[in-house]
Number of protein chains: 2
Amino acid sequence: MRSLKWTYIFLVLSVFSSLFAQDQDSVIIKNLFDEALSSNTAYENLRHLSEQIGPRLSGSPQAAAAVEYTKQILESMDLDSVYLQKVKVPYWLDKGTEAAVVSPICGTKIVNTCALGLSVGTGKNGIEAEVIEVKSFEEMDELGKEKIGGNIVFFNQAMNPKRLNPLRAYSEVSKYRTQGAKEAARYGAVAVVVRSLTFTIDEYPHTGSMYYDPSIPKIPASAICTQHAELLSAWLKKDPHLKFHLKMNCRQMPDAVSHNVIGEIKGSEFPDEIIVVGAHLDSWHISPGAHDDGAGCVHAIEVLRLLKKQNIRPRHTIRAVLFMDEEIMQSGGKEYAAVANKNNEKHLVALESDGGGDLPIGFSIDADDPVIAKIQAFEEHLNPYGVYYIKKGWGGVDIGPLKKKCVPLIGLNSNLQRYMEYHHSANDTFDKINMRELQLGAASMAALVYLCDKYGLD
Amino acid sequence: MRSLKWTYIFLVLSVFSSLFAQDQDSVIIKNLFDEALSSNTAYENLRHLSEQIGPRLSGSPQAAAAVEYTKQILESMDLDSVYLQKVKVPYWLDKGTEAAVVSPICGTKIVNTCALGLSVGTGKNGIEAEVIEVKSFEEMDELGKEKIGGNIVFFNQAMNPKRLNPLRAYSEVSKYRTQGAKEAARYGAVAVVVRSLTFTIDEYPHTGSMYYDPSIPKIPASAICTQHAELLSAWLKKDPHLKFHLKMNCRQMPDAVSHNVIGEIKGSEFPDEIIVVGAHLDSWHISPGAHDDGAGCVHAIEVLRLLKKQNIRPRHTIRAVLFMDEEIMQSGGKEYAAVANKNNEKHLVALESDGGGDLPIGFSIDADDPVIAKIQAFEEHLNPYGVYYIKKGWGGVDIGPLKKKCVPLIGLNSNLQRYMEYHHSANDTFDKINMRELQLGAASMAALVYLCDKYGLD
């Protein structure tokens, strides 16, 4: 009886304490959202990063300025530690691209182009050649050396608008950007022009990474805006022998020294177990990188600010990491994992925001099923804030190298319907950021970090 | 045994036919989304409505042009019937508002204001008076006649940014816009200036409906943009006796004749049972109404186009209704219900889109629980397209009068985080429309209409 009575009391207390804990979680998470929605801190940080610093390709002076600026923000936040982590990064310098289509039949048109990342330049005199338009590698294979040799290959495959997930449409055709130059060079092409990867028909060329094969000659690789891709295609139908002029002034520089920027709140119970919230600080040379990935950077910083503002002393160490050079060699992410490995650091989980600052809708998780189930159990706390999608999926590029150490990886999923319009282009400007949606992204991440920290993932 | 065998065969057939039906539904819904995402029809229709026709307040020539334009679109669609339904509408004419703050201490500043809908004008000479700033009716009550009399009351209550649902924040303070003039007139105020209802601090005044009390003098009512509300408040702290000049050239005209625009696909099995997809065609006089509610209009038209394009012959009659005059007297919605009542029309369900053209996230349903449960059971077909929120809630203003006849009402829920920035202001322009999100809204509605039509709601 006595034992029963104690069991009863224990049960009642457990139920109360569990109800209390749930209620406490609801209150804390509401406070995190309230604070995020009523402060313009993240928004104004992003304004400075996109508008005052602007494009910040790894190795560039602007990337160094972004390191300094975000370090200063973290230093102003009364964190337990703020430091830089040295990273050797590539430095590719692009001083601009000029291109024009010249046709005795259709006329002359200056077209909007940009160099693809890591491309070689054309030399001072540029390249002038006829254009062979293809929609696929297979089509190019059929044409062969005879038709391709000495010409510029124009990869004009549009993203499939029927794909609900824009990243799927992107991944289906991004091979023409990443592999087009080396594949076309096999057939003796002198350069490639790739249709920009966006659904919209507009005037912005979109750059992005591309790769050479050391055994094949390096030819210049450029992107053309969709509006002019359509024009070029239409003109080619009327005048297959029109000429394309391309002048690209870009080249590889010696590797540079840059940094990952790191700020921490020390864990009260498990200071040696780390929760990472990360994003990448670099952006392409033509892009102010407001969405990609300035939004992610201010998300990560804001997570720390929100936790501190609520006086949450986390059990684990919460570490914001702004990775350098995601776009070219992912050297920041690799270096971070290498240092963590060397120091035998234990990571509870790593969370990355690299899908822009639009409305957050969920998290995708790269981890074992039991971990995913544990995170899915947090849904009741996140669903009231519109975070409804918590599923197995992709974590992030920068946190990717932590996977070898079996760290669960989580990516913030934002609404991506508009994302490709900005991605890797001069159109990725601060005015495309909505303050409330940006704030909601940071609060969603802070809520998830709070729950992972409190309940662990075992 | 024989009976068992037949039962078994029946069961197997049932399972197969049910699986087939499910599979068929998935295929049809995918086709609806595919078609929506690969056509710019809705987007280009909206471009014309917002940019070529523009602001279209009920009674105005532009409203008549919008009736004619949308009727022509419907007539071009090979529908079973297209017609106009006559509606008597109010016609309030606003020829513009001018306002300035004049202070010997702070300076002179022209401020951005607009008349609130149905307000009386100020007369040619305008009004000049001192300003009493209040945050609430209670604060005004405390000041009383002595302080308020002869002055302009400035309602400067901001929307609470902590509200996750912007409509909640809006509904908390919209009373100052709708009731401010009559409440202030009780204390002898000569005019009111109301802070615009938006979270952002910007230069756009936002109008909207307001109401007089016949027993209280009618005083002019205006809205001021948030940027200048902040400025006025700051100046008042330095100079409580500054003067506000307000000149409003607006007046009530005789009622006008306008129309609801209606297009139908006749039902094959139940031609006399109607599924309405609706939106309102009018917009405020200062607003091109791209989101409010041009987006809803092209959503409704697009639903018919998508169903026809897929050769879906619906069992029930699908009727797109573009209601006139939602903004002032809701006369289009009232007239539609009155005619339906007179003709003993049976409505299966009425669906409205009046929350803008941003990302669709769900549907809210104003109906009995069993009907809600039936619609929630469709979620498996909608969830893959991001439609995750299907709950009891608000249907819509225009379809509202059908509630008396127990018609289930459904409102499309779009992401509203940006909506208040555009709402009832000159900022509600076509460039704020994202084509893919607009297309997804139409496809989500078409999918729901398809499911309601196929499975009924009993």
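Below or above, wherever it landed, is the structure these notes cover. If you're wondering where the values come from, they're calculated on a predicted model, not measured in any experiment.

### Notes on the side chain of His285(B)
Residue and element names in this part refer to chain B. The topology assignment puts histidine 285 in the loop between β9 (270-280) and α7 (290-309). At 2.6 Å, the side chain of histidine 285 and the side chain of aspartate 94 are in polar contact. When sequence neighbours within four positions are dropped, the list of residues in contact with histidine 285 reads Pro55, Leu57, Trp92, Asp94, Ala115 and Thr207.

### A word on the packing of helix α2 (residues 41-53) of chain A against helix α8 (residues 290-309) of chain A
Residues and elements named next belong to chain A. Packing of α2 against α8 brings their axes to within 9 Å, and their N-to-C directions diverge by 140°. Taken together, the axes of α2 and α8 are oblique relative to one another. Seen along the crossing, α2 lies across α8 with a hand that is right-handed. Judged by residue contacts, Thr41, Ala42, Asn45, Leu46, Leu49 and Ser50 of α2 engage Ala290, Gly294, Ala295, Cys297, Val298, Glu302 and Arg305 from α8. For the contact of α2 with α8, the residue count by class is seven nonpolar, four polar and two charged.

### Some details on the interface of chain B and chain A
Between chain B and chain A, the contact holds 23 residues from the first and 23 residues from the second. The contact between chain B and chain A buries some 2,400 Å² in all, and 52% of this surface belongs to carbon and sulfur atoms. Together, Leu164(B), Arg418(B) and Arg436(B) form the three largest contributors to the area buried by chain B at its contact with chain A, with a combined 28%. The interface formed by chain B and chain A includes four salt bridges. The partner of Arg418(B) in a salt bridge is Glu437(A), and the shortest N-O contact between them spans 2.8 Å. At the junction of chain B and chain A, the tally comes to 16 residue pairs in polar contact (both at pLDDT 80 or more). Breaking the side of chain B that touches chain A down by element, the ones donating at least two residues are α1 (2-37) and α12 (435-455) of chain B. The leading source of residues in the side of chain B that touches chain A is α12(B), at three residues. Its residues placed into classes, the side of chain B that touches chain A shows 10 nonpolar, five polar and eight charged.

### Here we look at the packing of α8(A) against helix α13 (residues 435-455) of chain A
All names here are of chain A. Relative orientation of the contacting elements α8 and α13 amounts to 55°, with a least axis distance of 8 Å. The angle between the axes of α8 and α13 places the two elements in the oblique class. Both α8 and α13 take part in a crossing whose hand is right-handed. On α13, the residues touching Ala295, Val298, His299, Glu302, Val303, Leu306 and Leu307 of α8 are Leu438, Gly441, Ala442, Ala443, Met445, Ala446, Val449 and Tyr450. Taken together, the residues of the contact of α8 with α13 break down into 12 nonpolar, two polar and one charged.

### Observations concerning the relation of the copies chain B and chain A
The relation between the two chain copies is a rotation about an axis coupled with a shift along that axis. Mapping chain B onto chain A calls for a screw motion: a turn of 180° about the axis and a shift of 0.0 Å along it, with 0.0 Å RMSD after fitting. One copy is carried onto the other by what is essentially a two-fold rotation axis. In terms of proximity to the rotation axis, the leading residue of chain B is Tyr388(B), whose C-alpha is 3.7 Å off the axis. Same-surface contact between copies: 100% of interface residues of chain B are shared with the interface of chain A.

Conventions and cut-offs
- Throughout, residues of each chain are indexed from 1 in the direction in which the sequence is written.
- To label them, take the chains in the order written and letter them from A, then take the ligands in the order written and number them from 1.
- Under the rules for a predicted model, residues below a pLDDT of 70 receive no local features and side-chain atom pairs below 80 are neither given nor counted, while totals for whole chains, interfaces and linings still include all residues.
- Only hydrogens and water are removed before side-chain values are computed, so all heavy atoms of the structure are retained for them.
- For the purposes of this entry, the term helix denotes a DSSP run of H or I that reaches at least four residues, the term strand denotes a run of E that reaches at least two, and both are numbered from the N terminus.
- Whenever two N or O atoms come within 3.5 Å, that pair is a polar contact, provided that in protein one can donate a hydrogen and the other can accept it, and provided that, for residues adjacent in sequence, both atoms are side-chain atoms.
- Contacts are assigned to residue pairs with any non-hydrogen atoms lying within 4.5 Å of each other.
- Every axis corresponds to a line fitted to the C-alpha atoms, with the helix fit spanning only the stretch in contact, and the corresponding angles, defined between N-to-C directions, vary from 0 to 180 degrees.
- Roughly parallel refers to an angle under 35 degrees, roughly antiparallel to one over 145, roughly perpendicular to one between 65 and 115, and oblique to any angle outside these ranges.
- By convention the crossing between two helices is left-handed if the near helix lies anticlockwise of the far one by an angle smaller than a right angle, and right-handed if it lies clockwise.
- In this count, Pro and Cys sit with the nonpolar residues alongside Ala, Val, Leu, Ile, Met, Phe, Trp and Tyr, while Asp, Glu, Lys and Arg are called charged and the others, Gly among them, polar.
- Accessible area that two parts lose when put together, with a 1.4 Å probe and added across both, is what the buried area reports.
- Salt bridges are defined by distance alone: a side-chain nitrogen of Lys or Arg within 4 Å of a carboxyl oxygen of Asp or Glu.
- Superposing the copies works by least squares over the C-alpha atoms of residues that have pLDDT at least 70 in both of them.

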